[in-house]
Amino acid sequence: MERFHNKIVIVTGSARGIGQGIAKRFAKEGASVVIADYDSEAAKATATELGASGASSIPYAVDISDPAAVSQMVTDVVDRFGRIDILVNNAGIIHTKPMLDVTEAEWTQTINVNQNGTFFVLQKVAEQMIRQLPEDLRNDSTPADVIAMDQQSVRSAEPSSELANSYGKIVSISSISGRKGRPLATAYAASKAAIISITQSAALALAPYRINVNAICPGVVLTSMWERIDRDRADLFGAEPGEAVRNIVNAVPLKRASTPEDLSGAVAFLCSEDADYITGQTLNVDGGYEMN
């Protein structure tokens, strides 16, 4: 399938792990993919790998916690491709340690990347998506006004023209840690809960512009991040390597960890025409571990 033929997609944190799996899925389905990542060399390697398979992709080094860098990324991508059709907010970090041991620097770094970075990338890309709208779908609101629209004004907004497909898709990667407290990942859980709230607010703000905003919550995923979590938990509890992951997977109804491919399928669906009537939703993709 080439559901995303001729679509321009930005995937943050896509040099490895979940983000890389998502980028590969979009490339396989015909999109031009921007491999946006803090690690410039890893981003180049991923873009080279995709290019070798005939896919269209470019690496882009960016610190998403820096709003100025995010704005420049949007400008550069539009200069290169002319527009942005899809954004996947995936970049994130984690520190695994007891709540009372979390340092100010660790808390600030986690919130700056996971929460603030997700918001500013979403905001700047949404502004660009609005600029791309056909003239008959625009109103007198500026992009800044759109982000500030309250729930009541969105619900009472007049349809701007006949029914049509979505004019942009945004998916952010939250986590099952955002569904409830995590004493060994307090900052991470807080930032991922914030992403769920940001998704809902953005969905309301952007609904008049037919820009769909959703999120997914992964569980245990076989990536380098979970390898690090497993090592950190082993050090904390004197456990054997792999034990932490096994314990959590044993509580998963489907009895396995997920893969980046499991998550990329859900993201691709939410960014496809099949999901044009879905917005403001957060989907657990975790084998049934959390059911709320």
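Structural data are supplied above this passage.
Cut-off values and rules
Residues numbered from 1 in each chain as written. Predicted model: local features only at pLDDT ≥ 70, side-chain atom pairs only at ≥ 80, totals over all residues. Heavy atoms only, no water. Helix = DSSP H or I, 4+ residues; strand = E, 2+ residues; numbered from the N terminus. Salt bridge = Lys/Arg side-chain N within 4 Å of Asp/Glu carboxyl O. Buried < 20%, exposed > 50% of the residue type's maximum accessible area, 1.4 Å probe, protein only. Pairing = 2+ DSSP bridges. Right-handed = clockwise from strand over helix to strand, strands pointing away. Phe/Tyr/Trp six-rings, centres within 6.5 Å; stacked < 30°, edge-to-face > 60°.

## Concerning the environment of Asn-112
Here Asn-112 shows up in helix H4 (residues 104–131). In sequence terms Asn-112 and Gly-92 are 20 residues apart; their C-alpha atoms lie 9.6 Å from each other.

## Points about the pattern of salt bridges
Taken as a whole and judged by the stated rule, the model has 12 salt bridges. The residue Glu-29 makes a salt bridge to Arg-3 at a minimum N-O spacing of 2.7 Å. One end of the pair, Glu-29, is in the loop between helix H1 (17–28) and strand S2 (32–37); the other, Arg-3, is in the segment before strand S1 (8–12), and 26 residues separate them in sequence. Glu-29 sits in the buried class, given a relative accessible area of 4%.

## Some words on the pairing of strand S3 (residues 56–61)
Pairing between S2 and S3: six bridges, direction parallel. The partner of Asp-37 across the bridge, within S3, is Ala-61. The handedness of the S2 to S3 crossover, carried by helix H2 (residues 40–52), is right-handed.

## Describing the packing of aromatic side chains
Per the stated rule, a full pass over the model turns up two aromatic pairs. Look at Phe-4 and Phe-26: their rings are 4.8 Å apart centre to centre, the planes differ by 65 degrees, and that puts the pair in the edge-to-face class. Taken together, the residues Phe-4 in the segment before S1 and Phe-26 in helix H1 connect sequence positions 22 residues apart.

## Examining unusual backbone geometry
Note: most peptide bonds trans; most residues except glycine with negative phi. Of note in this structure, Asn-6 is not a glycine but carries a positive phi near 70 degrees. Checked against the element boundaries, Asn-6 lands in the segment before S1. Take Asn-6: its relative accessible area is 52%, and that puts it in the exposed class. Phi at Lys-255 is positive, roughly 60 degrees, even though this residue is not glycine. Secondary-structure assignment places Lys-255 in the loop between helix H9 (243–250) and helix H10 (260–270).

The values are spatial; any link to function lies outside them.
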